[in-house]
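Residue strings, one per chain:
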Amino acid sequence: MWDLRLNEEQTALVDMIRRFTKEEVIPVAAELDEKSEFPLDVCKKAWDLGFMNSKVPAEYGGLGLGVFESVLISEELSYGCVGVATTVLANNLAATPLVLAGTEAQKEKYLGQLVNEYCFASYATSEPGAGSDVVGIRTKYEKQGDDYLINGSKAWITNGGHAKWYLIFATSDAKLRHKGLTAFVVPRDLEGVSVGKKENKLGVRCSDTSTIHFDNVRLTKDHLVGEEGDGFKLAMRTFDRTRPDIGGFASGLMRRAIDECVAYANERKAFGVTIGQHQAIQFMIADMGIKHEATRLLTYTAAKILDGGQQASIYSSYAKAFGADAAMQVATDAVQVFGGYGYTKEYPVEKLMRDAKLLQIYEGTSQVQRMVIARHMLSR
Ligand SMILES: Cc1cc2nc3c(=O)[nH]c(=O)nc-3n(C[C@H](O)[C@H](O)[C@H](O)COP(=O)(O)OP(=O)(O)OC[C@H]3O[C@@H](n4cnc5c(N)ncnc54)[C@H](O)[C@@H]3O)c2cc1C
């Protein structure tokens, strides 16, 4: 099995991000959430420390860290705020298809830009009419000589309003389904690219989620990522490598819920004793511990398999599905442990509950993860 112990560098990384979360994220999280304010200053500090682009290979100026380290970063940041964690980690998501299939020139240009200049990039598969069903993408590309003309809209795009470039997926012909999909890198400043509506969300409110429109955007071969028709495979390979981060978000959120609940349960009194002495509360807290540890094990395992160079779709989906569902249950129970106070903004657990819900939706819903898992199991 996998050795899940942290080495010296990983321990130092965790210490650094834990300190960062305590000093830079937790003090501002509630206000950013309340105002739905993009965490520009917090991310600048994360960018200065290099971990906004942790998966960008060292030869292009990034930290060149693996999936395992990315999960460690995810866990620590989401302890403070899943919105900040989502914003910080989105560059890695956008960069992954380029790392996997980009040309040398593309890597130097676009990955280089992320590390040389404080900026954001977005990954865009989803559309108003195609989320879970990636092959239902309608954003169209049309070949015109050596050029590609892009038309369509992408919805729910994390950091969409702030991105310098978008890694998008478009189809040459919707009837070709997955065989028609191709990836392109689209600089934001090209003519025809525009940012539309910003979503007003239940949770993860400081993260920017926007619609992006492409109106006769002219691209060249330099913008094509991988081969034409390979987009679906590339999108799925990307998700395999990024879904463990959502397991990391879930784990960090649960650890925060547990810490808040333990402190409250040892202090709040009901019926003459602290509520932590009531077995009903004890069992909820015990279940939180079980779910948190199980999520960590699944997530670390998926990351280790990927860093070992092996295929890990099913493990990434185990981590994502279990972690997201567990985080939702844990956060809901955390509100219960706090009673009426848990339902107010006086304590952070109501935010944990709102934030946890997203983990079951983005990067493939909990149902989609089960489809992936079942497909792998039934084809063994
Ligand atoms: C805050 C936020 C940030 C996001 N960031 C990004 C981003 O950066 N880039 C990006 O590309 N996308 C992003 N998304 C989009 C996200 O990935 C999609 O919302 C998600 O994949 C679900 O798609 P949908 O919303 O269209 O729901 P639908 O696909 O319409 O699904 C609706 C419901 O039906 C279920 N369902 C659908 N098909 C099946 C099936 N075959 N079997 C069983 N159940 C099914 C789903 O699980 C879900 O419960 C983001 C979304 C949010 C909310």
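Bear in mind that the values here come from a model prediction, so they are computed numbers and not experimental data.

1. Thoughts on the overall build of the protein
A count of helical and extended segments in the protein gives 10 helices and 10 strands. Over its C-alpha atoms the protein spans a radius of gyration of 21 Å, differing by no more than 12% from the 21 Å that the globule rule assigns to 380 residues. Expressed as a percentage of the 380 residues in the protein, the buried residues total 55%. The contacts of the protein with a sequence gap of at least 6 include a subset with a gap of at least 24, amounting to 75%. Working note: accessible area of the protein is about 16,700 Å², and carbon and sulfur atoms make up 53% of it.

2. Some details on the nonpolar core
By size, the foremost hydrophobic cluster in this structure holds 54 residues, and its most contacted members are Phe51, Leu77, Val84, Val88, Phe249, Val337 and Leu359. Taken together, the elements giving at least two residues each to this core come down to α1 (8–35), α2 (40–49), α3 (67–80), α4 (82–101), α6 (231–265), α7 (279–307), α8 (313–342) and α9 (349–359). Viewed by domain, this core spans two of them, domain 1 (8–120) and domain 3 (232–378), each represented by three or more residues. Not counting residues within four places of it along the chain, the set of residues in contact with Leu359 comprises Val82, Ile246, Phe249, Ala250, Lys320, Ala324 and Ala327. Within the second largest apolar cluster, 26 residues are counted, among which are Leu93, Ile137, Trp165 and Ala235.

3. Brief notes about the site of the ligand
Around the ligand sit 18 residues, and of these Ser126, Ser132, Trp156, Thr365 and Gln367 come closest. In the model, an oxygen atom of the ligand is placed 2.8 Å from a nitrogen or oxygen of the Thr125 main chain. Elements represented by at least two residues in the shell around the ligand include exactly β1 (120–124), β3 (147–158) and α10 (366–378). Its residues assigned to classes, the shell around the ligand shows eight nonpolar, eight polar and two charged. A domain-level breakdown of the shell around the ligand finds at least three residues from each of domain 2 (121–228) and domain 3 (232–378).

4. Description of the domain arrangement of the protein
Looking at the protein, the domain boundaries give domain 1 (8–120), domain 2 (121–228) and domain 3 (232–378). Put simply, the middle of domain 1 and the middle of domain 3, counted by C-alpha atoms, are 21 Å apart. Opposite the 29 residues of domain 1 that make contact, domain 3 presents 29 residues. Summed over both sides, the interface between domain 1 and domain 3 buries roughly 2,500 Å², with carbon and sulfur atoms accounting for 61% of that surface. Connecting domain 1 to domain 3 are four salt bridges. For Glu76, the salt bridge is made with Arg255, and the minimal N-O distance between the two is 3.0 Å. Linking domain 1 with domain 3 are 15 residue pairs in polar contact (both at pLDDT 80 or more).

5. Some words on the pairing of β3
Of the strand pairs in this sheet, strand β2 (residues 140–144) and β3 are connected by five bridges, and their pairing is antiparallel. Residue pairing in the sheet places Gln144 in a bridge with Asp147 of β3. The hairpin formed by β2 and β3 contains two residues between the paired strands, and Gly145 there has a positive phi angle of roughly 65 degrees. Summarising the sheet, β3 and strand β7 (residues 209–219) pair through eight bridges and their orientation is antiparallel. Bridge pairing in β7 places Gly152 opposite Phe214.

6. A short note on the pattern of salt bridges
Side-chain pairs of opposite charge can arise where the charged atoms are in close proximity. A full pass over the atoms with the stated rule returns 22 salt bridges. The salt bridge involving Asp133 is made with Arg177; its shortest N-O contact spans 3.8 Å. Remark: Arg177 occurs in the loop between β4 (163–171) and β5 (181–187) and Asp133 occurs in the loop between β1 and β2; sequence separation between them is 44 residues. Between Lys143 and Glu228 there is a salt bridge whose closest N-O contact spans 3.1 Å. Of the two residues, Lys143 is situated in strand β2 and Glu228 in the loop between β8 (224–225) and α6; the sequence distance between them amounts to 85 residues. Overall, Lys143 belongs to the partly exposed group, its relative accessible area being 46%. Residues joined in a network through salt bridges with shared partners are Asp33, Lys345, Glu350 and Arg354.

7. Things to note about α7
Across its 29 residues, α7 extends 42 Å between first and last C-alpha, which sits within 8% of the 42 Å expected from 1.5 Å per residue. Downstream of α7 by one or two residues, Gly309 has phi in the positive range, about 85 degrees.

8. Some details on the packing of aromatic side chains
Counted according to the given criterion, the structure contains 17 aromatic pairs. Considering the side-chain rings of Tyr166 and Phe214, the 6.2 Å spacing of their centres and the 85 degrees angle between planes classify their relative orientation as edge-to-face. Separated by 48 residues along the polypeptide, Tyr166 in strand β4 and Phe214 in strand β7 bring together distant segments of the chain. When sorted by exposure, Tyr166 lands in the same class as Phe214, which is buried. If you follow Arg256 out to its NZ or CZ, it ends over the ring of Tyr79, 5.5 Å from the centre. Lying across the ring of Phe68, Lys304 places its NZ or CZ 4.3 Å from the centre.

9. Overview of the side chain of Gln10
Tracing the chain through its elements places Gln10 in helix α1. For Gln10, a relative accessible area of 6% translates into the label buried. When sequence neighbours within four positions are dropped, the list of residues in contact with Gln10 reads Arg5, Phe68, Glu69 and Leu72.

Parameters and conventions
- Residues numbered from 1 in each chain as written.
- Predicted model: local features only at pLDDT ≥ 70, side-chain atom pairs only at ≥ 80, totals over all residues.
- Heavy atoms only, no water.
- Helix = DSSP H or I, 4+ residues; strand = E, 2+ residues; numbered from the N terminus.
- Rg over C-alpha atoms; globule rule 2.2 N^0.38 Å.
- Buried < 20%, exposed > 50% of the residue type's maximum accessible area, 1.4 Å probe, protein only.
- Contact = heavy atoms within 4.5 Å.
- Areas by Shrake-Rupley, 256 points an atom, 1.4 Å probe, with all protein chains shown as cover.
- Core = buried A, V, L, I, M, F, W, Y, C linked by side-chain atoms within 4.5 Å.
- Domains from an automatic or database assignment.
- Near = heavy atom within 4 Å.
- Polar contact = N/O pair within 3.5 Å; in protein donor to acceptor, adjacent residues only side chain to side chain.
- Nonpolar A, V, L, I, M, F, W, Y, C, P; charged D, E, K, R; others polar.
- Buried area = accessible area lost by both parts, 1.4 Å probe.
- Salt bridge = Lys/Arg side-chain N within 4 Å of Asp/Glu carboxyl O.
- Pairing = 2+ DSSP bridges.
- Expected span 1.5 Å × (residues − 1).
- Phe/Tyr/Trp six-rings, centres within 6.5 Å; stacked < 30°, edge-to-face > 60°.
- Lys NZ or Arg CZ within 6 Å of the ring centre and 35° of its normal.

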